[in-house]
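The chain contents come next:
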Amino acid sequence: MKTLEGVLPFTRLLLEKAVPDGGTAVDATAGNGHDTLFLAKLVGETGRVFSFDIQDAAIDSTGKRLKAATKLNLKDRVSLIKDSHEHVLNYLGEPALVHGAVFNLGYLPGSDKSVTTTPSSTIRAVENLFSALAPGGVIILVVYHGHEEGKIERDALLDYVRAIPQEEAHVLEYRFTNQRNNPPFIVAIEKRA
C-alpha cells in the first residue's frame with residue numbers, strides 16, 4: 001500500500017481541486033497531450049483549455065491524442081497554440097480568469113533534447129498566468145532537472161517562487177527527498193483571495 005502520492009498523481013489531485021466544471025485551464029507545455037486531455041475532461045463541455053508548445057511535434061501529438069478521445073467533443077473546448085507559454089495573455093481573451101495551469105519543464109520526451117524550456121520564458125509565463133489566476137487557482141510546475149538546462153531552470157525558478165510574498169500566494173514544494181537520479185518535483189502556487 002502506498003500512502004504518499006507520486007508527483008504526477010499529486011499534480012492531478014491539485015488541479016481537480018482548483019479547476020471547476022466550466023472553468024479555464026492552461027497546459028503551458030503540451031508535450032504529448034496527456035495534461036491537455038486531462039484538463040479538457042476536467043473543465044467539461046462549457047470550459048476552456050489553452051494548450052501551448054513551441055514544437056510542431058508536440059502540437060501534432062497533442063492533437064492526435066485529443067482526436068483519439070472520440071467520445072468527448074473537445075473541438076470547442078481546447079485551443080492548441082504553437083507559441084511560447086510566456087505569451088499566454090495574448091490568447092486568453094477578456095476578462096482573463098484562469099483556474100489552473102500546469103507546466104512540465106524540460107524537454108519533450110522522445111524528441112530533440114536540445115530544445116528545452118528556459119528560465120526566462122517560464123518565469124514570464126508564471127507571472128502572466130498569476131495575473132490572470134482566480135483566487136484559489138493554482139499554477140503547478142513539474143520540474144524535471146536531470147539534465148544541465150534543467151538544473152539552471154530549477155535554480156532560477158526556485159529563487160523566483162521563494163520570493164513571492166506570502167500575502168499573495170501559498171507556494172508548495174512537493175518532492176521525494178531520498179530518491180536518486182534527480183527525480184522530478186512539484187512547485188505549486190496557489191493564489192490567495
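Preceding this section is the structure that the text describes.
I will try to describe carefully the structure that is included in this document. (Residues numbered from 1 in each chain as written. Predicted model: local features only at pLDDT ≥ 70, side-chain atom pairs only at ≥ 80, totals over all residues. Heavy atoms only, no water.)

1. As for helix H5 (residues 119–132)
Moving on, step 1. Here H5 is 14 residues long and its end C-alpha atoms lie 20 Å apart, about the 20 Å a rise of 1.5 Å per residue gives.
Moving on, step 2. Within the span of H5, buried status applies to Ser121, Thr122, Ile123, Ala125, Val126, Leu129, Phe130 and Ala132. (Helix = DSSP H or I, 4+ residues; strand = E, 2+ residues; numbered from the N terminus. Expected span 1.5 Å × (residues − 1). Buried < 20%, exposed > 50% of the residue type's maximum accessible area, 1.4 Å probe, protein only.)

2. Comments concerning the packing of aromatic side chains
Moving on, step 1. Applying the stated criterion across every chain, the model contains three aromatic pairs.
Moving on, step 2. Residues Phe10 and Tyr174 carry aromatic rings whose centres are separated by 4.0 Å and whose planes lie at 25 degrees to one another, so their mutual orientation is stacked. Taken together, the residues span a long stretch of sequence, with Phe10 in helix H1 (residues 7–18) and Tyr174 in strand E6 (residues 169–174) at a distance of 164 residues. A single burial state applies to Phe10 and to Tyr174, both of which are buried.
Moving on, step 3. Ring geometry for Tyr174 against Phe176: centres 6.1 Å apart, planes inclined by 70 degrees, an arrangement best described as edge-to-face.
Moving on, step 4. An aromatic cluster of at least three residues, connected via ring pairs, comprises Phe10, Tyr174 and Phe176.
Moving on, step 5. Over the ring of Phe130 we find Lys191, and its NZ or CZ is 4.9 Å from the ring centre. (Phe/Tyr/Trp six-rings, centres within 6.5 Å; stacked < 30°, edge-to-face > 60°. Lys NZ or Arg CZ within 6 Å of the ring centre and 35° of its normal.)

3. Observations regarding the sheet that holds E6
Moving on, step 1. Read from one edge of the open sheet, seven strands run E3-E2-E1-E4-E5-E7-E6, paired in mixed fashion. Only two strands of the sheet have a single partner each, and these edge strands are strand E3 (78–82) and E6. Ignoring strand direction, the axes of neighbouring strands in this sheet form an average angle of 15 degrees.
Moving on, step 2. For strand E2 (residues 48–53) and E3, the ladder comprises five bridges, and the chain directions are parallel. The residue of E3 that forms the bridge with Phe52 is Ile81.
Moving on, step 3. In the packing of H5 onto the sheet, contacts are made with strand E1 (24–27), strand E4 (98–104), strand E5 (133–143), E6 and strand E7 (185–191), and the angle to E5 comes to roughly 160 degrees. (Pairing = 2+ DSSP bridges. Axes fitted to C-alpha atoms, helices over the stretch in contact; angles between N-to-C directions. Contact = heavy atoms within 4.5 Å.)

4. Digging into the pairing of E5
Moving on, step 1. Here E5 lies mainly inside the structure; nine of its eleven residues are buried.
Moving on, step 2. As judged from the six bridges shared by E4 and E5, these two strands associate in the parallel manner. Note that in E5 the partner of Val98 across the bridge is Leu133.
Moving on, step 3. Where E5 lies against E7, six bridges are found, and the strand directions are antiparallel. In the strand pairing of E7, Val142 is matched with Ile186.

5. Looking at helix H6 (residues 148–162)
Moving on, step 1. Here H6 spans 22 Å end to end across 15 residues, near enough to the 21 Å set by a 1.5 Å rise per residue.
Moving on, step 2. Next to the buried residues of H6 lie H5, E5, E6 and E7.

6. Here we look at the nonpolar core
Moving on, step 1. Membership of the largest hydrophobic core comes to 29 residues, with the highest contact counts inside it found for Val26, Phe103, Leu129, Ile139, Leu141, Val187 and Ile189.
Moving on, step 2. Going through the elements one at a time, E2, E4, H5, E5, H6 and E7 are the ones with two or more residues in this core.
Moving on, step 3. A total of six residues in this core trace back to one element, the largest contributor, which is H5.
Moving on, step 4. In this structure Phe103 touches Ala28, Thr29, His85, Thr122, Ala125, Val126, Leu129, Ile139, Ile140, Leu141 and Val142, once residues within four positions along its chain are discounted.
Moving on, step 5. Counting 25 residues, the second largest nonpolar core, distinct from the first, contains Phe10, Ala40, Val102 and Ile140. (Core = buried A, V, L, I, M, F, W, Y, C linked by side-chain atoms within 4.5 Å.)

7. A word on the packing of H5 against H6
Packed helix pairs are specified by the crossing angle of their axes together with the interaxial distance, meaning the distance between the axes.
Moving on, step 1. The contact between H5 and H6 brings their axes to 9 Å, and the two run at 35 degrees. The handedness of the crossing between H5 and H6 comes out as right-handed. Here Pro119, Thr122, Ile123, Val126 and Glu127 of H5 come into contact with H6, specifically with Ile152, Glu153, Ala156, Leu157 and Tyr160.
Moving on, step 2. Grouping the constituent residues of the contact of H5 with H6 by class yields seven nonpolar, one polar and two charged. (Left-handed = near helix turned anticlockwise from the far one by under 90°. Nonpolar A, V, L, I, M, F, W, Y, C, P; charged D, E, K, R; others polar.)

That is the geometry; function is a separate question.
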